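The primary structure of each chain is shown beneath.
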Amino acid sequence: MNVLEVKNLRKSFEDNVVLNDLSLTVPDHTATVLIGASGSGKSTLLRCINLLDTIDDGSIYLDGKEISDPEINVDEVRKNLGMVFQSFNLFPHMSVLDNIMLSPVRVHKLPKEQARDEAMTLLRRFDLADKADQFPDRLSGGQQQRVAIIRSIAVKPRLLLLDEVTSALDPVLVNEVLSIVRDLKADGMAMVLATHEMGFATQVADEVCFLKDGNIIERGPASQVISAPQEAETKDFLRRVHEAGRL
Amino acid sequence: MSNDSPARETSGRALSWTPSQRELERQASRKSIGRKKALIATLSSVIVIGSLIRLIVTSPGWQSVKDTFFDWSYGGEVLGAVAKGLIVNIRLTIIAAILIGIFAMILALLRTSRSAALTPFRIMATAYVDIFRGVPLLLVILLIGFGVPALRIEGLTNSVLILGTTAVVLTYSAYVAEVIRSGILSIHPSQRAAARSLGLSSSQTMRHVVLPQALKRVVPPLLNDLVALLKDTGLVSILGVTDAVRAAQIASSRTFNYTPYVTAAILFLLITIPLTRYTDRVLAKSMKRQNAQGAA
Ligand SMILES: Nc1ncnc2c1ncn2[C@@H]1O[C@H](COP(=O)(O)OP(=O)(O)OP(=O)(O)O)[C@@H](O)[C@H]1O
Ligand SMILES: [Mg+2]
């Protein structure tokens with residue numbers, strides 16, 4: 001069963017064609033990693049899947065149901081999608097616990113007690129229980145991003161979208177965030193993630209997709225796309241990443 | 001942020017150090033620089049303010065000005081009446097502030113909403129704000145205070161107090177709506193995106209994520225508007241409401257002495273100066289918080 005199917009997706013901003021006839025399939029419990037140069041459309045693809053951007057053509061299916069239908073209730077769709085942003089986007093006026101409980105209580109109508117228990121269980125699991133009552137500005141970047149990830153999985157989404165969740169962090173903080181993602185992957189959470197961390201991509205990816213010029217130029221297991229790329233453009237991209245010291 | 005506690009530990013250790021000779025010299029020289037600065041500030045204030053006072057007091061007309069504007073025994077005589085008038089201003093301010101808060105919030109929410117069904121209301125709210133921000137408050141007071149009774153609509157009030165308050169509320173709601181709207185627009189779109197991606201509807205996003213942050217940001221400008229509102233309630237005296245301004249007017253027209261006006265001004269200042277100081281403090285605090293947030 002496929003959690004996500006993207007068929008012939010097109011998206012432009014005015015005359016800038018960002019996604020050009022792109023197709024993608026994500027089977028349940030698998031992780032798909034998007035790699036590609038800055039501006040290749042990774043964020044745009046994730047935002048389209050989450051219906052934050054409207055698409056120009058093509059269709060998107062979540063659990064076999066078309067969500068790119070304009071008649072669909074986007075709030076209902078987003079109940080099944082978690083999204084984590086590069087810049088955390090925690091709500092600064094709410095404590096860590098309230099950030100995590102907001103959607104379970106307001107959107108999924110869970111009783112407060114139950115939402116609190118579940119949030120605390122997650123915080124304990126990821127070593128953040130002592131931060132429950134803190135406000136986001138008292139947390140390190142790595143802690144903020146871990147809270148943001150917990151917030152997005154607190155509603156048990158079918159699919160998690162992660163957009164460069166470590167690129168705003170100091171190198172020493174990257175690992176604590178990546179280890180959460182690895183844990184979630186081990187739990188069987190289906191995910192699509194954009195990243196510049198090739199080492200991490202290799203560890204977590206079931207499939208790696210290399211984006212260029214609005215399309216997927218090369219796709220396959222990490223052992224192929226990252227370790228032994230076939231296409232000249234993929235090789236070129238990886239060489240530049242390597243030169244920048246990221247491999 | 002995370003290195004908060006180690007920093008406190010080091011500063012704790014620093015307390016037990018005996019300062020070096022160099023540090024003692026530095027402290028002494030800092031102290032002497034501070035003394036010099038205080039001396040300069042005092043001297044320059046005394047000279048500037050002193051010569052201004054001298055200029056006024058030695059001017060040829062000073063004695064007559066003193067008698068007509070600063071006759072303190074007469075001022076004390078009318079104090080009770082003027083103070084009673086000021087109570088009217090204060091009550092009017094409180095009632096108006098509450099009504100303005102409600103009305104302005106509705107206007108701001110209408111103007112920032114994107115719902116298709118609300119389009120006519122959005123247009124009306126925009127026109128309303130444009131009109132009432134562009135007409136002098138005094139004109140609105142006159143138009144409503146004299147215009148509404150002239151319509152002779154049955155059941156409509158003729159109370160100048162209510163009509164005056166209405167005019168103030170109508171005008172200030174337009175100002176305050178714009179302040180609230182600017183607060184709403186100042187919240188970064190990524191906050192809205194985060195809320196929507198969690199499944200919150202657009203009205204839930206407004207209520208739980210955008211508005212709480214926006215209102216916190218506009219507290220200082222709203223306090224400024226509150227000070228202005230208190231002063232502007234004096235304008236309803238033109239309709240014959242016996243507020244502080246009107247009370248002073250009555251007292252001074254009886255004796256052709258203007259001290260009651262000065263008395264009223266002093267009474268207003270007794271409220272507005274603390275309120276302004278408080279506003280400055282709130283503003284400084286909120287700037288500090290926002291800077292800290294930007295650094296995090
Ligand atoms: N809201 C927008 N309006 C106009 N153009 C946009 C918008 N969002 C993205 N773009 C353009 O779309 C293209 C793809 O951007 P996108 O953010 O998807 O790239 P990315 O692969 O995520 O890059 P990065 O690795 O830097 O995050 C860029 O050329 C960008 O300028
Ligand atoms: Mg991006």
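Everything numeric here is computed off the predicted structure, so don't read it as measured data.

The rules behind these values
Residues numbered from 1 in each chain as written. Chains lettered and ligands numbered in written order. Predicted model: local features only at pLDDT ≥ 70, side-chain atom pairs only at ≥ 80, totals over all residues. Heavy atoms only, no water. Near = heavy atom within 4 Å. Polar contact = N/O pair within 3.5 Å; in protein donor to acceptor, adjacent residues only side chain to side chain. Areas by Shrake-Rupley, 256 points an atom, 1.4 Å probe, with all protein chains shown as cover. Helix = DSSP H or I, 4+ residues; strand = E, 2+ residues; numbered from the N terminus. Nonpolar A, V, L, I, M, F, W, Y, C, P; charged D, E, K, R; others polar. Salt bridge = Lys/Arg side-chain N within 4 Å of Asp/Glu carboxyl O. Buried < 20%, exposed > 50% of the residue type's maximum accessible area, 1.4 Å probe, protein only. Axes fitted to C-alpha atoms, helices over the stretch in contact; angles between N-to-C directions. Parallel < 35°, antiparallel > 145°, perpendicular 65-115°, else oblique. Left-handed = near helix turned anticlockwise from the far one by under 90°. Contact = heavy atoms within 4.5 Å. Pairing = 2+ DSSP bridges. Buried area = accessible area lost by both parts, 1.4 Å probe. 1 Å grid on protein atoms, 1.4 Å probe; cavity = no way out; pocket = protein on both sides within 12 Å on 5 of 7 lines; lining within 4 Å. Points joined across faces, edges and corners; volume = space filled by probe spheres on them. pLDDT = per-residue confidence, 0-100. Expected span 1.5 Å × (residues − 1).

Our next topic: the site of ligand 1. Residues and elements named next belong to chain A. Near ligand 1 there are 13 residues, and of these Ser38, Gly39, Lys42, Ser43 and Thr44 occur at the shortest range. Contact distances for ligand 1 include 2.8 Å between an oxygen atom and a backbone N or O atom of Gly39. Considering ligand 1 on its own, with 640 Å² of exposed area, one finds that the protein chains cover 60% of that surface. For the shell around ligand 1, the secondary-structure elements that each account for two or more residues are strand E2 (16–27) and helix H1 (42–49). Looking at the shell around ligand 1, the element that brings in the most residues is H1, giving three residues. In terms of residue class, the shell around ligand 1 is made up of three nonpolar, eight polar and two charged.

Our focus in this paragraph is the pattern of salt bridges. Residues and elements named next belong to chain A. On inspection of all chains with the given rule, the structure shows 21 salt bridges over all chains. Across the pair Lys42 and Glu164 runs a salt bridge whose closest N-O atoms are separated by 4.0 Å. One end of the pair, Lys42, is in helix H1; the other, Glu164, is in the loop between strand E7 (159–163) and helix H6 (171–187), with 122 residues separating them in the sequence. Each member of the pair Lys42 and Glu164 is classed as buried. Lys156 is the partner of Glu118 in a salt bridge, and the nearest nitrogen-oxygen pair spans 3.1 Å. Residue Glu118 is located in helix H4 (residues 112–125), and its partner Lys156 is located in the loop between helix H5 (141–153) and E7; the two are separated by 38 residues in the primary sequence.

This next bit is on the packing of helix H3 (residues 96–106) of chain A against H5 of chain A. Residue and element names in this part refer to chain A. Between H3 and H5, the least distance of the axes is 8 Å, while the angle of their chain directions is 25 degrees. With respect to each other, H3 and H5 are oriented roughly parallel. Note that H3 runs across H5; the crossing there is right-handed. Contact residues: Val96, Asn99 and Ile100 in H3; Val147, Ile150 and Arg151 in H5. Considering only residue class, the contact of H3 with H5 consists of four nonpolar, one polar and one charged.

Turning our attention to the sheet that holds E2 of chain A. Residue and element names in this part refer to chain A. Strands sit in the order E2-E1-E4-E5 across an open sheet of four strands; the sheet is antiparallel. The open sheet has two edge strands with one neighbour each: E2 and strand E5 (65–66). One ladder, built from two bridges, connects strand E4 (residues 57–62) with E5; its direction is antiparallel. The residue bridging Tyr61 from the neighbouring strand is Glu66, located in E5.

Attention now moves to the environment of Val172 of chain A. Along the polypeptide, Val172 of chain A turns up in helix H6. Along the primary structure Val172 of chain A and Gly142 of chain A are separated by 30 residues, whereas in three dimensions their C-alpha atoms are 8.9 Å apart.

The next subject is the interface of chain B and chain A. In this complex, chain B contributes 22 residues to the contact, which on the side of chain A involves 25 residues. Summing the contributions of chain B and of chain A, the shared interface buries around 2,100 Å²; its carbon and sulfur component is 59%. One can count one salt bridge joining chain B with chain A. Across the salt bridge formed by Arg196 of chain B and Asp75 of chain A, the nearest N and O atoms sit 3.1 Å from each other. Counting the contacts that link chain B with chain A gives eight residue pairs in polar contact (both at pLDDT 80 or more). Sort the elements by how many residues they give to the side of chain B that touches chain A and helix H8 (residues 189–197) of chain B lands first, with seven residues.

Further remarks concern empty space enclosed by the protein. Residues and elements named next belong to chain A. Tallied over the entire structure, the rule returns two cavities of 30 Å³ or more. Looking at the largest cavity, its volume works out to about 50 Å³. Contributing to the lining of the largest cavity are Leu162, Glu164, Val165, Thr166, Leu178, Val181, Leu193, Ala194, Thr195 and Phe200. Elements with a contribution of two residues or more to the lining of the largest cavity: H6 and strand E8 (190–194). Partitioned by chemical class, the residues of the lining of the largest cavity number seven nonpolar, two polar and one charged. Its volume calculated, the second largest cavity comes out at about 40 Å³. Listed by contribution, the elements that provide at least two residues to the lining of the second largest cavity are H3 and H4. Of the residues forming the lining of the second largest cavity, the biggest block, four residues, is contributed by H4.

Here the focus is the confidence of the model for chain A. Per-chain confidence: chain A averages 92 in pLDDT, with 99% of residues scoring 70 or above. Within chain A, the lowest mean pLDDT, 89, falls on helix H7 (residues 198–204) of chain A, and the highest, 96, falls on H3 of chain A.

With respect to the secondary-structure elements, Asn50 of chain A resides in the loop between H1 and E4. Ignoring sequence-local partners within four residues, the contact set of Asn50 of chain A consists of Arg78, Leu81, Met83 and Leu161 of chain A together with Ser197 of chain B.

Below, the discussion takes up the pairing of E4 of chain A. All names here are of chain A. Examined bridge by bridge, strand E1 (residues 2–13) and E4 share five bridges and lie antiparallel to one another. By the bridge assignment for E4, Lys7 is matched with Ser59. What sits between E4 and E5 in their antiparallel hairpin is a turn of two residues, with Asp63 showing a positive phi close to 50 degrees.

Residue and element names in this part refer to chain A. An order of E6-E7-E8-E3-E9-E10 is seen for the six strands of this open sheet, with the pairing classed as mixed. Every interior strand has two partners, whereas the edge strands, strand E6 (81–84) and strand E10 (215–220), have only one. Across this sheet, the average inter-strand angle for adjacent strands is 20 degrees, counted without regard to direction. Across four bridges, E6 lies against E7 in parallel orientation. Bridge pairing in E7 places Met83 opposite Leu161. Those strands touched by H1 are strand E3 (31–36), E6, E7, E8 and strand E9 (207–212), and its axis lies near 150 degrees from that of E7.

Residues and elements named next belong to chain B. Under the 1.5 Å per step criterion, the end-to-end length of helix H6 (residues 137–151) is 21 Å for 15 residues, consistent within 8% with the ideal 21 Å. Where H6 is concerned, the buried positions are Leu137, Val140, Ile141, Ile144, Gly145 and Val148. The elements touched by buried residues of H6 are helix H5 (119–134), helix H7 (160–186) and helix H9 (202–232). Of the residues flanking the end of H6, it is Arg152, one or two places downstream, whose phi is positive at about 55 degrees.

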